[in-house]
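What follows is each chain in one-letter form.
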Amino acid sequence: ALLSRPAGGLRARRGLAAGPEMHFGFQTVTEEERREKIYQVFESVAKKYDLMNDSMTLGIHRVWKDILMHKMNPSPGTLLLDVAGGTGDIAFRFINYVRSVRECQLQRKLKHHQNLSWQEIFESYQKDKSNSLGDSQVVVCDINREMLKVGKQKAQHLGYSEGLSWVLGNAEELPFDNDKFDVYTIAFGIRNVTRIDLALQEAYRVLKPGGRFLCLEFSHVSNRLLSRLYDLYSFQVIPVLGEVIAGDWKSYQYLVESIRRFPPQEELKAMIEDVGFFKVDYENLNFGIVAIHSGFKL
């Protein structure tokens, strides 16, 4: 039911061809060249993606993603679309969070039925326990097959299967009908789409009225001294880590450059508002090294 929209329709209607010149890091390329180069970057880094995230951020990316999940605060029954989430980090956190909420609800329910027999309590607990997500689902959508492959392997290894599905799709032309999802997330992915405006339009389209958009992304540091230190670390250390750990200097050089090319917080906020989202705001983490943007479809 979720996958009822043809994947190629939007491209045909919007005429996404080679297009105007745009940036790939600090290079100037055509729209189609950028799309292909970014695909190659993530195809190259997929197997070492999680390890490199830990190395580049000293593990802090895990805290940022936890903060994103607490900001979302999903309840049992929530339908989440996680875009550019191929390795499953947001999806697995979502499942864990909903299971925890569901378990608390179950405990409160049982406390209010003190007059039940042990057998009745046991049977009620088992019945509710069998639906640990309370009909919640998360759909992981990523344009890169290798990233999805890594995510599926992680899910199998970690034992995630209930309420989880994987879809190959482009953030700029999502293969879903209108008004389908309660929450849309994109973590460290929106700066790598070719057309941010189209991705935001698609996020708005697939969300239900009242649905929430959440974006976690590297952003612009507000403190001047920290900004200089951050630049030094980014350009002098991260590509070296990429070469040592993943055998890929160029991909991580691009990732650093792409952060510097990404719109600052206020500009991205305006772009989110332009497609129709309301109550748009953002929260800087670690002085703006990353920011969480939020908006609602009304």
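Worth saying up front: this structure is predicted, and the values here are computed from it rather than measured. (Residues numbered from 1 in each chain as written. Predicted model: local features only at pLDDT ≥ 70, side-chain atom pairs only at ≥ 80, totals over all residues. Heavy atoms only, no water.)

Points about the sheet that holds strand E7 (residues 207–218)
The strand order across the open sheet formed by 7 strands is E5-E4-E3-E6-E7-E9-E8, and the pairing between neighbours is mixed. With partners counted over all chains shown, the strands left at the sheet margins are strand E5 (164–168) and strand E8 (278–285), one partner each. Geometrically, the sheet is characterised by an average inter-axis angle of 15° between neighbouring strands, direction not taken into account. With 5 bridges joining them, strand E4 (residues 137–142) and E5 adopt parallel strand pairing. Bridge pairing in E5 places Cys141 opposite Val167. Sheet contacts for helix H4 (residues 60–72): strand E3 (79–83), strand E6 (181–187), E7, E8 and strand E9 (290–296); angle to E7, the most-contacted strand, approximately 160°. (Pairing = 2+ DSSP bridges. Helix = DSSP H or I, 4+ residues; strand = E, 2+ residues; numbered from the N terminus. Axes fitted to C-alpha atoms, helices over the stretch in contact; angles between N-to-C directions. Contact = heavy atoms within 4.5 Å.)

Observations concerning the pattern of salt bridges
Where charged atoms of side chains with opposite charge meet at close range, the side chains can pair. In this structure the tally under the stated criterion is 13 salt bridges. The partner of Lys154 in a salt bridge is Asp50, and the shortest N-O contact between them spans 2.9 Å. Within this pair, whereas Lys154 is found in helix H7 (residues 145–158), its partner Asp50 is found in helix H3 (residues 49–57), the two being separated by 104 residues in sequence. In this structure, Asp197 and Arg195 form a salt bridge, with 2.9 Å as the shortest nitrogen-oxygen distance. Asp197 sits in the partly exposed class, given a relative accessible area of 28%. (Salt bridge = Lys/Arg side-chain N within 4 Å of Asp/Glu carboxyl O. Buried < 20%, exposed > 50% of the residue type's maximum accessible area, 1.4 Å probe, protein only.)

Observations regarding a nonpolar patch on the surface
Where nonpolar side chains cluster on the molecular surface, the patch consists of Leu58, Ile60 and Val63 and spans about 280 Å² of accessible area. The residue Ile60 is located in helix H4 in this model. (Patch = residues over 30% accessible without salt bridge, like charges linked within 9 Å, V, L, I, M, F, W, Y side chains within 5 Å. Areas by Shrake-Rupley, 256 points an atom, 1.4 Å probe, with all protein chains shown as cover.)

Description of unusual backbone geometry
Phi is positive for Leu58, which is not a glycine, with a value near 55°. Assignment of secondary structure puts Leu58 in the loop between H3 and H4. Accessibility expressed as a relative area gives 70% for Leu58, which makes it exposed.

Digging into the environment of Leu174
Checked against the element boundaries, Leu174 lands in the loop between E5 and E6. A sequence separation of 33 residues divides Leu174 from Cys141, and the C-alpha atoms of the two residues are 8.4 Å apart.

Points about helix H2 (residues 31–45)
With 15 residues, H2 should reach 21 Å at 1.5 Å per residue; the first-to-last C-alpha distance of 22 Å fits that figure. Among all positions of H2, only Glu31, Arg34, Arg35, Ile38, Val41, Phe42 and Val45 are buried. Buried residues in H2, looked at end-on, bunch into an arc of 125°, giving them a common side. (Expected span 1.5 Å × (residues − 1). Arc of directions from axis to C-beta.)

Thoughts on the packing of helix H8 (residues 196–206) against helix H12 (residues 265–274)
Running from N to C, H8 and H12 point in directions that differ by 50°, and their axes come no closer than 9 Å. One finds that H8 runs oblique with respect to H12. Note on packing geometry: the crossing formed by H8 with H12 is right-handed. Between H8 and H12, the residues in contact are Ile196, Asp197 and Leu200 and Leu268, Met271 and Ile272, respectively. (Parallel < 35°, antiparallel > 145°, perpendicular 65-115°, else oblique. Left-handed = near helix turned anticlockwise from the far one by under 90°.)

Regarding H3
Of all the positions in H3, only Tyr49, Met52, Asn53, Ser55, Met56 and Thr57 are classed as buried. Directly after H3, the chain includes Leu58, whose backbone phi takes a positive value near 55°.

In short, shape yes, function no, at least from these values alone.
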